[in-house]
Amino acid sequence: MGLPLPQGTPTRTPSPNEPPTNDPLTPQSLPNNDIDTRQAKRRKTVSGLRLAPTRHASTPTERELSSDDQDPAAAAATLKPSVRQVHSDTRFPQRKKPGHESAAPVLEPTSTDKLIAGIWRQVIEPTVDIRTGVSGEVFRAINTLCLKYHNQSQSSRALEMIVQAYWIECYQARIAVIRLENPHLSTTEARMVALKEACTTLHWKEKDLRNRIAIWRGYKEIKDAGGWASLIFASAGVYRFCKYRSGFGDGFSTRLRHIQSSLELVADTLHPEWRDLLQVIGQGSPRRYHGHPHEWVTVPGGPAVPLAATYEHLQPLPNTRDGFQYRFLEESVVDRAVFGTDDPRVVPGLDPETCPACKERQSDEIEKNQCTCFPALFGGVRGHVPVQLFHTPSGKNNGVVARCNFERGTAIGEFVGLVTNGIEGVDVMLGGSRSRSYQIYQGRMGNFTRFINHSCRPNSQFQRFYWRGKERIVVVSRGILAGTEITVDYSDHYWRQLDKACLCGEPCCRFSRR
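Residues numbered from 1 in each chain as written. Predicted model: local features only at pLDDT ≥ 70, side-chain atom pairs only at ≥ 80, totals over all residues. Heavy atoms only, no water.

**What to know about the pairing of strand 12 (residues 436-441)**
Then, in step 1: Strand 12 sits mainly inside the fold: five of its six residues count as buried.
Then, in step 2: Strand direction decides the pairing type here: strand 10 (residues 418-420) and strand 12, joined by three bridges, are antiparallel. Looking at the pairing, Thr420 lines up with Gln439 of strand 12.
Then, in step 3: Pairing between strand 11 (residues 427-433) and strand 12: five bridges, direction antiparallel. Paired with Ser433 across the strands is Arg436, a residue of strand 12.
Then, in step 4: The turn joining strand 11 and strand 12, which pair antiparallel and follow one another in sequence, is formed by two residues. (Buried < 20%, exposed > 50% of the residue type's maximum accessible area, 1.4 Å probe, protein only. Helix = DSSP H or I, 4+ residues; strand = E, 2+ residues; numbered from the N terminus. Pairing = 2+ DSSP bridges.)

**Some remarks on the sheet that holds strand 7 (residues 387-391)**
Then, in step 1: Pairing is mixed across the open sheet formed by four strands, whose spatial order is 4-3-7-8. On the outer flanks of this sheet lie strand 4 (302-306) and strand 8 (398-402), each paired with one strand and no other. Across the sheet, the mean angle separating the axes of adjacent strands is 45° when strand polarity is ignored.
Then, in step 2: Summarising the sheet, strand 3 (residues 296-299) and strand 4 pair through three bridges and their orientation is antiparallel. Note on strand 4: the bridge partner recorded for Val299 is Gly302. (Axes fitted to C-alpha atoms, helices over the stretch in contact; angles between N-to-C directions.)

**Describing helix 4 (residues 187-202)**
Then, in step 1: Between its terminal C-alpha atoms helix 4 stretches 22 Å, which fits the 22 Å expected from 16 residues at 1.5 Å a residue.
Then, in step 2: Within helix 4, burial applies to Ala190, Ala194, Leu195, Ala198 and Cys199.
Then, in step 3: His203 lies just past helix 4 and shows a positive phi near 60°. (Expected span 1.5 Å × (residues − 1).)

**Describing unusual backbone geometry**
Then, in step 1: Of note in the backbone geometry, Lys359 takes a positive phi value of approximately 65° without being a glycine.
Then, in step 2: Tracing the chain through its elements places Lys359 in the loop between helix 8 (336-339) and strand 7.
Then, in step 3: Despite not being glycine, Arg468 shows a phi value in the positive range, around 55°.
Then, in step 4: Locating Arg468 in the fold gives a position in the loop between strand 15 (460-467) and strand 16 (470-477).

**With respect to the nonpolar core**
Then, in step 1: Ranked by internal contacts, the top residues of the largest apolar core, which has 48 residues, are Trp120, Tyr219, Ile222, Trp228 and Ile232.
Then, in step 2: Broken down by secondary-structure element, the contributors of at least two residues to this core are helix 2 (111-124), helix 3 (137-181), helix 4, helix 5 (206-232), helix 6 (238-244) and helix 7 (250-270).
Then, in step 3: The leading source of residues in this core is helix 5, at eleven residues.
Then, in step 4: If near-sequence neighbours (up to four positions away) are discounted, Trp228 is found in contact with Ile162, Ala165, Tyr166, Lys223, Trp274, Leu278, Ile281 and Gln283.
Then, in step 5: Among the nonpolar cores identified, the runner-up in size contains 39 residues, and Ile440, Cys456, Ile480 and Val488 belong to it. (Core = buried A, V, L, I, M, F, W, Y, C linked by side-chain atoms within 4.5 Å. Contact = heavy atoms within 4.5 Å.)

**A few points about the confidence of the model for the protein**
Then, in step 1: Of all residues in the protein, 71% attain a pLDDT of 70 or more, and the chain-wide mean is 78.
Then, in step 2: Per-residue pLDDT stays below 50 along residues 1-92; that stretch engages in 333 contacts with residues further than four places along the chain or on separate chains.
Then, in step 3: Scored below 50 in pLDDT, residues 127-135 shows 19 contacts in the model against residues more than four places distant or in partner chains. (pLDDT = per-residue confidence, 0-100.)

**Thoughts on the pairing of strand 15**
The side chains of a regular strand alternate, first on one face of the sheet and then on the other.
Then, in step 1: Judged by how many residues are buried, strand 15 sits mostly within the fold: eight of eight residues are covered.
Then, in step 2: On strand 15, burial covers both faces: Ser460, Phe462, Arg464 and Tyr466 on one face and Gln461, Gln463, Phe465 and Trp467 on the other are all buried.
Then, in step 3: Examined bridge by bridge, strand 15 and strand 16 share eight bridges and lie antiparallel to one another. If you follow Phe462 over to strand 16, its bridge partner there is Val475.
Then, in step 4: Taken together, strand 15 and the strand that follows it, strand 16, pair antiparallel across an intervening segment of two residues, in which Arg468 is found at a positive phi of about 55°.

**Quick notes on the packing of aromatic side chains**
Then, in step 1: Summed over the entire model, instances satisfying the criterion amount to 17 aromatic pairs.
Then, in step 2: Measuring from ring centre to ring centre gives 5.7 Å for Phe415 and Phe462, while their planes differ by 75°; the resulting arrangement is edge-to-face. Residue Phe415 is located in the loop between strand 9 (411-414) and strand 10, and its partner Phe462 is located in strand 15; the two are separated by 47 residues in the primary sequence. An identical accessibility class is assigned to Phe415 and Phe462; each is buried.
Then, in step 3: Taken together, the ring pairs connect Tyr311, Phe324, Tyr326, Phe328 and Phe451 into an aromatic cluster.
Then, in step 4: The cationic tip of Arg212 hangs over the ring face of Trp204; the distance from NZ or CZ to the ring centre is 4.1 Å.
Then, in step 5: Just above the ring of Phe248 sits the side chain of Arg245; from NZ or CZ to the centre is 4.2 Å. (Phe/Tyr/Trp six-rings, centres within 6.5 Å; stacked < 30°, edge-to-face > 60°. Lys NZ or Arg CZ within 6 Å of the ring centre and 35° of its normal.)

Here's what the structure looks like:
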């Protein structure tokens, strides 16, 4: 992964009824463009998050991203003084070209970094990533067979580590019992008695068992620090990690303890049967977390809490008892009461079969799709986005943290919600153009992008992308490391309309003294 831009902590969590702000993009600013080289220069695009004009307030809280195709100065001149607007003055974060590495060298990750990264990959990523197929019944059958035995081998490896980690506990307990029964024996002598008892049953030589114990003890240390989920979802490299013990430093246990509840949250919501594996040692436990992974907010040093509990200060919504209600979506929902059977995101005259950025074929069928601009979101196998909601320590309420690295120029997620129009007096995301506008409302439905905080030194940005002839707003990384909060810049136009200080904490913060 390329060296990320230096980013800081974000500033402001949008109020629960107020979705996040954004900076859109144009196809011309996307990577791997086939832009006409005869053009003298590229137009800078401006887009923002702003309040709609106030005619009559109908629906509660939201946010808008304006993506008007017009000159930035002209757009700003037409805004009313009270309009809050987010701008992006940066161009699309291009992916690095092979052989053009200009960034400073990056230190190699430590073995502890690799182990923790492997755990997150195992627990979050799809079990098998079938990108394309040769087609035919035979290949589908071999895929099914491959998946079957792959899952069995993973379960078998996990069961083996569970039993071996538990063996260490029983071994230590047996040594203690032997000493109680034989007070004249030293700890070393009691250990030798326990070893001989084990070798008699296992039919192993004492030397072989000692070598295995060193590795099994590492499994137990991982389990003790990060819980059973950290061991069960550890990658194949955990064997070497425990054998050579190169990463068992002072900070190892602390790091695992810090993410223990986060790992259990993802394991319970994405792999609800994982606790059944513990039945092999009689330690099965009830599932702690249910529902969507982002319906929970992780808290340092404790179990995750329900998302709604972090907004108890809100007043109840009309005709409801709760002050916060949110439904997580995979795709945006078009408000049929406003648009009927039409989808306002469809761009007239745009070929739905061709990507305007890379000029390759776009198709929802993975075997036929050739566009790889954002394969994690469009035209490829989609898995759970490796991000979590977390409670920020700086007064911004909730934020979004990356659990895996996001390379510069890759899409983190799509800004989805209710595609509607005519909402006034609240923040919504504006899309389209002056002649073809719509709003994306995230007040009551959407995804994790609603909780992305502001930073005056952001590590991602909102941009525009066209998939199958429809305009989409995506969050694009500028280079984000695992464990880092994901942030965007809400822009000067947005903050100038607010009577509050920015909490991003960056040295370059523009509104910290308000």
